Amino acid sequence: VVMAPHLVWLVRNDFLPFTYASARAVPSHGALDHLVHPLVFAASQAAALIPALAIASPLRWPRSEAAAVKVDRFDRRIVTLLAFGPAATIIALSAVTGRGLVAMWGYPLWLFLGLWIVMAIGAVIDRPRLARITAIWAIVFAGLAGAFIADYAVLPSIDHRYRAAFFPGDRLAAEIDNRFRAATGTPLRYVIASMWVGGNVAHYSADHAQVLIDGNPRRTPWIDLADLSARGAAVVWVVGDRTSVPPEYRPIAPDAQVGASFTLPARNGVGEVEVGWAILPPAN
């Protein structure tokens, strides 16, 4: 009963979440990938859990002389399954298919790990133990905050790597809004673009246009293509040839009129983004 609406939606929408994951998963190039890819993902998850395990370490050391908290066997099995089952399933799928996984996919897999640690160790949390936990948490928190600041305030002037946080989404949205309105006299209702580029335009746009992701109706089944044709759309891209509409967008926007590309500086002033754009005129 609980799963039925989700299963119906998946079938009607061609299992869209699985299609997304499949598109991002690294393809298998041989038998060795069935071993390497799951091991790499498992290692990335182990590394990501180090801060949490450090915070929890006072539960184990020093050992408590007080009586351990007793946990029902069924509760222990259920929480163990919730804590490790999702990650084990993903790793098993990688081993079977040989596909590579994205490390950040692991973030929601460990929601029950803290509960499992407390349950498995069963230590009585007295005041000294709680003080040590709090102190380690503060150190970890300060360390992560410092690393974040260094990554976005110090390192960009040294390594010049691309960082998504510096993408000029607000200025891009303003430019596309203004250019579309100047060309058509109407507000921007639809954007045909990649999820990242279109998402930035939709988020910052004063008109909050809907995004036809990758120009593929199957990825955005909620968009009415007839309404898109009637109201027109902006086509936006930041990779490839900026003087012609990318091939993947041409079937949905065959009559799009390409404008002169323009560049926008990154938010931190280091580097710039060259933008290709076109307008699919309203049918009415």
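Refer to the structure presented above.
Residues numbered from 1 in each chain as written. Predicted model: local features only at pLDDT ≥ 70, side-chain atom pairs only at ≥ 80, totals over all residues. Heavy atoms only, no water.

A. Representation of the overall build of the protein chain within the structure. For the protein chain, the count of helices and strands is 11 helices and six strands. At 25 Å, the protein chain has a C-alpha radius of gyration far larger than the 19 Å of a compact globule built from 284 residues. Overall size of the protein chain, expressed as C-alpha extent along the three principal axes, is 80 × 50 × 40 Å. Residues counted as buried form 31% of the 284 residues belonging to the protein chain. Surface exposure of the protein chain reaches about 17,000 Å², of which carbon and sulfur atoms provide 66%. The averaged location of the 20 negative side-chain charges in the protein chain is 11 Å from the averaged location of its 24 positive side-chain charges. (Helix = DSSP H or I, 4+ residues; strand = E, 2+ residues; numbered from the N terminus. Rg over C-alpha atoms; globule rule 2.2 N^0.38 Å. Buried < 20%, exposed > 50% of the residue type's maximum accessible area, 1.4 Å probe, protein only. Areas by Shrake-Rupley, 256 points an atom, 1.4 Å probe, with all protein chains shown as cover. Lys, Arg positive; Asp, Glu negative; His and termini not counted. Charge placed at Lys NZ, Arg CZ, Asp CG, Glu CD.)

B. Here's a closer look at the pairing of strand β5 (residues 262–265). Burial along β5 is one-sided: Phe262 and Leu264 are buried, while Thr263 and Pro265, pointing the other way, are not. As judged from the four bridges shared by β5 and strand β6 (residues 272–280), these two strands associate in the antiparallel manner. When the bridges of β6 are listed, proline 265 appears paired with glutamate 272. (Pairing = 2+ DSSP bridges.)

C. Fine view of the packing of helix α3 (residues 33–48) against helix α5 (residues 73–97). Between α3 and α5, the shortest axis-to-axis distance is 7 Å and the interhelical angle comes to 160°. With respect to α5, the element α3 is oriented roughly antiparallel. Considering only the axes of α3 and α5, their crossing is right-handed. Only Ile90, Ile91, Ser94, Ala95, Val96 and Thr97 of α5 make contact with α3, whose side of the interface consists of His34, His37, Pro38, Phe41 and Ala42. Of the residues belonging to the contact of α3 with α5, the class tally is seven nonpolar, four polar and no charged. (Axes fitted to C-alpha atoms, helices over the stretch in contact; angles between N-to-C directions. Parallel < 35°, antiparallel > 145°, perpendicular 65-115°, else oblique. Left-handed = near helix turned anticlockwise from the far one by under 90°. Contact = heavy atoms within 4.5 Å. Nonpolar A, V, L, I, M, F, W, Y, C, P; charged D, E, K, R; others polar.)

D. View of the nonpolar core. One finds Leu172, Ile176, Leu188, Val236 and Val275 to be the most contacted residues of the largest nonpolar core, which totals 19 residues. Elements supplying a minimum of two residues to this core: α9 (169–184), β1 (190–193), α10 (195–204), β3 (233–237), β5 and β6. Here this core takes four residues from β6, the largest share from any one element. Ranked by size, the runner-up nonpolar core spans 15 residues in total, among them Tyr190, Leu212, Val245 and Ala278. (Core = buried A, V, L, I, M, F, W, Y, C linked by side-chain atoms within 4.5 Å.)

E. Region of interest: unusual backbone geometry. The phi angle at aspartate 14 is positive, at roughly 55°, despite the residue not being glycine. As for its placement among the helices and strands, aspartate 14 is situated in the loop between α1 (4–12) and α2 (16–24). Relative accessible area serves as the criterion here: at 39%, aspartate 14 is assigned to the partly exposed category. Even without glycine at this site, histidine 208 takes up a positive phi of about 50°. By secondary structure assignment, the location of histidine 208 is in the loop between α10 and β2 (210–213).

F. Seen up close, the pairing of β1. The side-chain alternation of β1 yields two buried faces, one formed by Tyr190 and Ile192 and the other by Val191 and Ala193. Both β1 and β2 contribute to a ladder of four bridges, which runs parallel. Among the inter-strand pairings, isoleucine 192 is bridged to a residue of β2, identified as leucine 212. Taken together, the two bridges between β1 and β3 define a ladder with parallel strand orientation. Within β3, the residue paired with valine 191 across the bridge is alanine 234.

G. Spotlight on the packing of aromatic side chains. Applying the stated criterion across every chain, the model contains seven aromatic pairs. Between phenylalanine 84 and tryptophan 116 the ring centres are 4.9 Å apart and the planes differ by 90°, which places this aromatic pair in the edge-to-face class. With a gap of 32 residues between them, phenylalanine 84 in helix α5 and tryptophan 116 in helix α6 (residues 113–121) connect regions that are remote in the sequence. Accessibility expressed as a relative area gives 26% for tryptophan 116, which makes it partly exposed. Among the aromatic residues, ring-to-ring pairing joins Phe84, Trp110 and Trp116 into one connected group. In this arrangement the basic side chain of arginine 179 is found over the ring face of phenylalanine 262, its NZ or CZ atom lying 4.1 Å from the centre. (Phe/Tyr/Trp six-rings, centres within 6.5 Å; stacked < 30°, edge-to-face > 60°. Lys NZ or Arg CZ within 6 Å of the ring centre and 35° of its normal.)

H. Structural context of the pattern of salt bridges. Counted under the stated rule, the structure contains seven salt bridges. A salt bridge links aspartate 151 to arginine 163, with the nearest nitrogen and oxygen atoms 3.0 Å apart. With aspartate 151 in helix α7 (residues 127–154) and arginine 163 in the loop between α8 (156–159) and α9, the pair connects residues that are 12 residues apart, well separated along the chain. Ionic pairing is found between arginine 219 and aspartate 214, a salt bridge with its closest N-O pair at 2.8 Å. (Salt bridge = Lys/Arg side-chain N within 4 Å of Asp/Glu carboxyl O.)

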